[in-house]
Amino acid sequence: AQIDSLKETVGAPWNLQLDFPAARIHLDELDLEGARAALAGLERLTEYEGGREARLRGRIAWIEGRIAELEHGDCGRASSSYQRARDLQPTARYVRTTRLECLTALGRWDEAEQEVDWLLTHWPGWTTSRLAIAQYFAARGRSEEALIHLDYVLRTWSDADPEYRPALEARALDARLRGGQ
């Protein structure tokens, strides 16, 4: 990824600041090796920070959870990392959204509902969260509520690249809920 080559132009420890966006990109691309390398950089950054930075530790916990989830396909293994990340970064929308996705997959409805409420209160316009919320409502059999959120998602991503995975997921769920598949 280009971000990895950018890290070479920035001196330590500042280049380690680029490891979190690098990890997110690698995880989005399902490149677990690249994500692990970025995670190692963030762990080195904690040495510079003295381990005091809660946001940094929250990011590390989230990345560990994502790697576990993607590698093993099991939200149960990742949920404790997501909970730790949420405890360290209670306002991070990506943490709350990923945790919602996992809780939905695990059928932990009460906890998932709390994440839905929090996301709609604090980040109502973040499209990735709205997709996770639609998935939650669909999993609960609440198709009408899911479609309300999917309409927002599909309008927002109407010009998304054809291969953009979240938009593909939204279109597929919309088709399924409307009886197209």
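Here, the structure is the one placed above.
Residues numbered from 1 in each chain as written. Predicted model: local features only at pLDDT ≥ 70, side-chain atom pairs only at ≥ 80, totals over all residues. Heavy atoms only, no water.

Overview of the overall build of the protein
Selection rule: Strands here are runs of E lasting at least two residues and helices are runs of H or I lasting at least four, both read from the DSSP assignment and numbered beginning at the N terminus. Type-normalised accessible area, obtained with a 1.4 Å probe on protein chains alone, sets the label of each residue: buried when under 20%, exposed when over 50%, and partly exposed for intermediate values. It only takes one pair of heavy atoms within 4.5 Å for two residues to be counted as in contact. All accessible areas in this document rest on Shrake-Rupley with a 1.4 Å probe, and a residue is counted as covered only by the protein chains that are shown.
Regarding its fold elements, the protein presents 10 helices and 0 strands. Helices and strands appear in the protein in the N-to-C order α-α-α-α-α-α-α-α-α-α. Counting over 181 residues, the protein shows a buried share of 44%. Intrachain contacts of the protein at a sequence separation of at least 6 include 50% that bridge at least 24 residues. Only carbon and sulfur atoms are counted for the fraction: they give 48% of the accessible area of the protein, which is about 9,600 Å².

Some thoughts on the environment of arginine 93
Mapped onto the fold, arginine 93 is located in helix 6 (residues 93-106). Along the backbone, arginine 93 and threonine 128 are 35 residues apart, and their C-alpha atoms lie at a distance of 9.4 Å. Dropping the residues within four chain positions of it, arginine 93 is found in contact with Leu119, Trp123, Trp126 and Ser129.

Section: unusual backbone geometry
One non-glycine residue, leucine 30, lies in the positive phi region at around 60 degrees. Residue classification places leucine 30 among the exposed positions, given a relative accessible area of 51%.

Here's the deal with the environment of glycine 107
Relative to the elements of secondary structure, glycine 107 occurs in the loop between helix 6 and helix 7 (109-122). Glycine 107 sits 32 residues away from alanine 139 along the chain, and the two C-alpha atoms are 8.4 Å apart.

A look at the packing of helix 7 against helix 8 (residues 127-139)
Cut-off, in case you're wondering: What counts as an axis is a line fitted to C-alpha atoms, over the stretch in contact for a helix, and the angles between N-to-C directions run from 0 to 180 degrees. Should the near helix be turned counterclockwise from the far one by less than a right angle, the crossing is left-handed, whereas a clockwise turn marks it as right-handed.
At a minimum axis distance of 10 Å, the contact between helix 7 and helix 8 shows a crossing angle of 145 degrees. The way helix 7 lies across helix 8 gives a crossing that is left-handed. Together, Trp109, Ala112, Glu113, Val116, Leu119 and Leu120 of helix 7 and Ser129, Arg130, Ile133, Tyr136, Phe137 and Ala139 of helix 8 make up the contact between the two elements.

Thoughts on the side chain of threonine 46
Note the threshold: Under this definition, polar contacts are N or O atom pairs within 3.5 Å; protein pairs additionally need one hydrogen-donor-capable and one acceptor-capable atom, and for neighbouring residues in sequence, both atoms have to be side-chain atoms.
For threonine 46, the position within the fold is in helix 3 (residues 32-49). Threonine 46 sits in the buried class, given a relative accessible area of 17%. Engagement of the side chain of threonine 46 in a polar contact is seen with the backbone oxygen of glutamate 43, the distance being 2.5 Å.

Let's talk about helix 6
Operational definition: Expected span, for any helix, means 1.5 Å times one less than how many residues it has.
For helix 6, built from 14 residues, the straight-helix expectation of 20 Å at 1.5 Å per residue is met to within 8% by its first-to-last C-alpha distance of 20 Å. Of all 14 residues in helix 6, 10 are buried, a share of seventy percent or more. Taken together, the buried positions of helix 6 are occupied by Tyr94, Val95, Arg96, Thr97, Thr98, Arg99, Leu100, Cys102, Leu103 and Thr104. Where helix 6 is buried, its residues touch helix 2 (19-28), helix 4 (54-72), helix 5 (75-88), helix 7 and helix 8.

Side note on the packing of helix 8 against helix 10 (residues 165-177)
Quick note on the threshold: Under this scheme an angle from 65 to 115 degrees is roughly perpendicular, one under 35 degrees roughly parallel, and one over 145 degrees roughly antiparallel; angles in between are oblique. Polarity classes work like this: nonpolar for Ala, Val, Leu, Ile, Met, Phe, Trp, Tyr, Cys and Pro, charged for Asp, Glu, Lys and Arg, and polar for all others, with Gly in that last group.
With their axes 11 Å apart at the nearest point, helix 8 and helix 10 run at an angle of 30 degrees to one another. One element, helix 8, and the other, helix 10, form an angle in the roughly parallel class. Helix 8 and helix 10 meet at a crossing whose hand is left-handed. Contact residues: Leu131, Ala134, Gln135 and Ala138 in helix 8; Pro166, Glu169, Ala170, Leu173, Arg176 and Leu177 in helix 10. For the contact of helix 8 with helix 10, the per-class residue count stands at 7 nonpolar, 1 polar and 2 charged.

With respect to the state of the cysteines
Basically, it comes down to this: Two cysteine sulfur atoms form a disulfide, by the criterion used here, when they sit within 2.5 Å.
Within this structure, the stated rule accounts for 1 disulfide. Between the sulfur atoms of cysteine 75 and its disulfide partner cysteine 102 the distance amounts to 2.4 Å. Judged by the sign of its S-S torsion, about -120 degrees, the cystine formed by cysteine 75 and cysteine 102 is left-handed. Residue cysteine 75 is located in helix 5, and its partner cysteine 102 is located in helix 6; the two are separated by 27 residues in the primary sequence. Each member of the pair cysteine 75 and cysteine 102 is classed as buried.

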